[in-house]
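Chain and residue survey
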Amino acid sequence: MNSILIIAHAPLAHALRECALHVFPDCANGVVALDVQPHTPPEETFAMARIAMDQQGSGQFLVLSDVFGATPCNVAQKLVDGVKSKLITGVNLPMLLRTVSYRHESLEALVARALIGGTQGIMQVAITAPQNQARKKHDPNIHDHQQ
């Protein structure tokens, strides 16, 4: 089964992990979080990330990072090999929940699921229900059909 490593600016990585554990309490062993603290040298962050991966064993990893080009992502890029580990940046909670749900699939399939979960989890939501919104003068539908 794939492991998930979240590398993000503090305290985001641990917060995301805690949210995932709230929904999937049995995933604790497969989800690792590394918060990158301000003023921590990238070499030190890389060493901590390497230790975290080694402690998980020799399985495959999906590494999730927060912002492309920032220190967490730069460290993660040095960690992944593209075969036994893959990197996705722009992590959000829908993405993480999707990856936890499908950790048993192949790493390539897991990457696809993560990308779909992350993008489909972003949407604009109407403030009020349509039947409660002010009617426009030119609105031809004068009937509200409620069930």
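Residues numbered from 1 in each chain as written. Predicted model: local features only at pLDDT ≥ 70, side-chain atom pairs only at ≥ 80, totals over all residues. Heavy atoms only, no water.

**Regarding the overall build of the chain**
Secondary structure summary: the chain contains five helices and four strands in total. The secondary structure elements of the chain, listed N-terminal to C-terminal, are β-α-β-α-β-α-β-α-α. Taking all 147 residues of the chain together, 35% fall into the buried category. The contacts in the chain between residues at least 6 apart in sequence include a share of 64% that link residues at least 24 apart. Total accessible area on the chain stands at roughly 9000 Å², and carbon and sulfur atoms take up 56% of it. (Helix = DSSP H or I, 4+ residues; strand = E, 2+ residues; numbered from the N terminus. Buried < 20%, exposed > 50% of the residue type's maximum accessible area, 1.4 Å probe, protein only. Contact = heavy atoms within 4.5 Å. Areas by Shrake-Rupley, 256 points an atom, 1.4 Å probe, with all protein chains shown as cover.)

**Digging into the sheet that holds strand β2 (residues 31-36)**
An order of β2-β1-β3-β4 is seen for the four strands of this open sheet, with the pairing classed as parallel. Looking at strand neighbours, the two that pair on one side only are β2 and β4 (85-89), the edges of this open sheet. When the angles between neighbouring strand axes are averaged without regard to direction, this sheet yields 20 degrees. Running at roughly 155 degrees to β2, helix α1 (residues 12-23) makes contact with β1 (3-9) and β2 of the sheet. (Pairing = 2+ DSSP bridges. Axes fitted to C-alpha atoms, helices over the stretch in contact; angles between N-to-C directions.)

**A short note on the nonpolar core**
Within soluble globular proteins, side chains that are nonpolar tend to cluster in buried spots. Among the nonpolar cores identified, the biggest contains 21 residues, and Ile4, Ile6, Leu62, Leu64, Ile88, Leu96 and Val100 are the most heavily contacted of them. For this core, the secondary structure elements donating two or more residues are β1, α1, β2, β3 (61-65), α4 (93-101) and α5 (107-120). For Ile6, the contacting residues outside a window of four places in its chain are Ala13, Leu16, Arg17, Val31, Val32, Ala33, Leu34, Leu64 and Leu96. The next biggest cluster of nonpolar side chains, apart from the first, holds 13 residues, and it includes Leu5, Met53, Phe61 and Val63. (Core = buried A, V, L, I, M, F, W, Y, C linked by side-chain atoms within 4.5 Å.)

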